[in-house]
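Here is how the chains run, residue by residue.
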Amino acid sequence: MPVEFKQMIVLLCLFALPLTATAHLPQLYGAKFLRAPLDTPSQAPDCGSGVDPSDEDANRQRRQIEEIESRQGSYGGELAEPLTDLGRHYRNRGDYVEAERLYTRALHLVRINEGLNSELQLVLLKDLAATYRLKGDLNRADEIEGQVFRLQGGGRPPHGKREIEASLHYMAWQRQAHSLGLEGYNLQRLLEAYLLNERLLASLAQNERTGEDDYTQLIFSQLSNLYQILGTDFQESATHSVASSTELHPSQSASPLYVRQRIARIQIKGVRKGHDLLDELLSMVGPEEKLHRASLLLEMGDWYQWNGEPHKAVRDYAELERILASQDDPGLVEKWLGAPTELPSRGPQRQIGTDAAVMEPGAVTTVFDVSARGQVEQIEVIALSR
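Each value, and the rule that gives it
- Residues numbered from 1 in each chain as written.
- Predicted model: local features only at pLDDT ≥ 70, side-chain atom pairs only at ≥ 80, totals over all residues.
- Heavy atoms only, no water.
- Core = buried A, V, L, I, M, F, W, Y, C linked by side-chain atoms within 4.5 Å.
- Buried < 20%, exposed > 50% of the residue type's maximum accessible area, 1.4 Å probe, protein only.
- Helix = DSSP H or I, 4+ residues; strand = E, 2+ residues; numbered from the N terminus.
- Contact = heavy atoms within 4.5 Å.
- Expected span 1.5 Å × (residues − 1).
- Salt bridge = Lys/Arg side-chain N within 4 Å of Asp/Glu carboxyl O.
- Axes fitted to C-alpha atoms, helices over the stretch in contact; angles between N-to-C directions.
- Parallel < 35°, antiparallel > 145°, perpendicular 65-115°, else oblique.
- Left-handed = near helix turned anticlockwise from the far one by under 90°.
- Nonpolar A, V, L, I, M, F, W, Y, C, P; charged D, E, K, R; others polar.

Draft legend 1. Spatial organisation of the nonpolar core. Judged by nonpolar contacts, the single largest core of 49 residues is most densely connected at Met 171, Leu 191, Leu 218, Trp 303 and Leu 320. When residues of this core are traced back to their parent elements, those giving at least two are helix H7 (161–180), helix H8 (186–205), helix H9 (212–230), helix H10 (256–283), helix H11 (290–306), helix H12 (310–325) and helix H13 (332–337). With 10 residues, H8 is the largest single contributor of residues to this core. Not counting residues up to four positions away in its chain, the partners in contact with Trp 303 are Leu 223, Leu 226, Tyr 227, Leu 230, Gly 270, Val 271, Gly 274, His 275 and Leu 278. Grouped together as the second largest cluster of nonpolar side chains are 31 residues, Ile 65, Leu 122, Ala 129 and Val 148 included.

Draft legend 2. Region of the structure containing H7. In a regular helix each residue adds 1.5 Å, so 20 residues correspond to 28 Å; H7 covers 29 Å between its end C-alpha atoms and thus fits that length. Within H7, 15 of the 20 residues are buried, leaving the element largely enclosed by the surrounding structure. Downstream of H7 by a residue or two, Gly 181 has a phi angle that is positive, lying close to 70°.

Draft legend 3. Focus on the pattern of salt bridges. For the coordinates displayed, the defined rule picks out 20 salt bridges. A salt bridge links Arg 162 to Glu 119; its shortest N-O distance comes to 3.1 Å. With a gap of 43 residues between them, Arg 162 in helix H7 and Glu 119 in helix H5 (residues 119–135) connect regions that are remote in the sequence. Classification of Arg 162 as partly exposed rests on a relative accessible area of 41%. In this structure, the salt-bridge partner of Asp 316 is Arg 315, at a minimum N-O distance of 3.5 Å. A residue is classified by how much of its surface remains accessible, and Arg 315, at 45% relative accessible area, is partly exposed. Overlapping salt bridges bring together Asp 85, Arg 88, Arg 91 and Asp 127 as one network.

Draft legend 4. Spatial organisation of the packing of H7 against H9. Taken N-terminus to C-terminus, the directions of H7 and H9 make an angle of 15°; their axes are 11 Å apart at the nearest point. Between H7 and H9, the angle falls in the class roughly parallel. Helix-helix and strand crossings are classified by hand; for H7 and H9 the assignment is left-handed. Contacts between H7 and H9 involve Lys 161, Ile 164, Leu 168, Met 171, Arg 175, His 178 and Ser 179 from the former and Asp 213, Asp 214, Gln 217, Leu 218, Ser 221, Ser 224, Asn 225 and Gln 228 from the latter. Grouping the amino acids of the contact of H7 with H9 by side-chain chemistry returns 4 nonpolar, 7 polar and 4 charged.

Written out as structure tokens, the structure is:
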């Protein structure tokens with residue numbers, strides 16, 4: 001950017017220690033660093049249609065459970081709903097152990113009475129995954145997220161809106177799980193997300209009934225995958241002979257060597273791939289949608305800036321500035337470009353209802369300069385907490 005910013009102070013969530021002064025920031029931000037929330041209370045995610053009931057509602061649900069048990073026994077089909085509502089009550093109060101017990105019982109009853117394909121089972125699994133995330137049991141949450149995705153089609157055709165939303169959520173979770181370093185071979189998570197995203201984009205491109213919004217969301221999802229793949233630092237030759245199959249489905253194992261080679265091949269062409277994705281979105285913008293075009297040019301400039309190609313970023317930033325300056329609002333340029341933003345500005349992974357205590361294994365408060373080219377310089381750690 002054309003302005004030099006001095007002495008920025010920022011609190012970052014630290015996923016990997018130690019911080020080295022010679023680190024290449026694009027490789028770290030998004031894979032190992034996130035801006036930590038300041039004084040932001042944790043909130044339970046909305047994973048169902050229920051609302052947080054009052055104590056009076058909870059007492060009513062308990063009475064309802066007792067009444068159903070007296071009529072139908074402990075396996076009564078009507079028990080699942082009040083058990084689920086009571087589970088949400090305890091989850092929202094922070095009693096995750098009791099919430100887990102109630103959800104697990106309700107899930108068992110649904111499977112007995114309604115079968116393994118019941119819609120209510122999906123709702124319960126989503127609630128249970130949210131509870132595990134808030135509880136800090138991320139490996140169990142990961143297991144449930146996989147079950148939910150498989151029940152919603154596992155990314156296989158047909159690719160309707162519901163299946164696309166399920167895939168977007170699952171890919172976001174895979175990126176987050178990779179950043180958190182969950183059990184399992186984490187590079188496979190990134191490869192799985194990338195290949196799934198590629199298949200979905202190809203499928204939607206052939207479907208004339210596909211909504212533009214779904215396609216746009218998938219492009220930005222793939223861009224997030226690329227940010228994280230390009231930010232993965234490992235030494236691996238991509239010159240070995242590797243199978244060219246683009247099929248890798250959830251829970252399908254692959255050798256670490258195969259995964260590393262495929263990731264390395266994506267890294268080689270990754271910058272161009274990101275350009276092509278954003279260029280495709282730009283080609284879909286009408287001449288009257290100037291601010292929409294400006295937002296995509298900002299994304300393009302950020303993409304090249306993050307990937308260490310400022311000479312290309314300047315070209316897109318300059319066109320962006322011309323569009324903003326041509327608008328009636330004289331404050332647009334300052335609003336869009338007047339303050340520094342860590343890249344990627346969208347963030348490579350959507351955070352999915354994980355408690356702040358889980359997301360912040362360590363935080364550093366730093367002071368640093370940002371040059372006119374966006375380079376971070378003179379990093380000084382003021383405080384470190386773990």
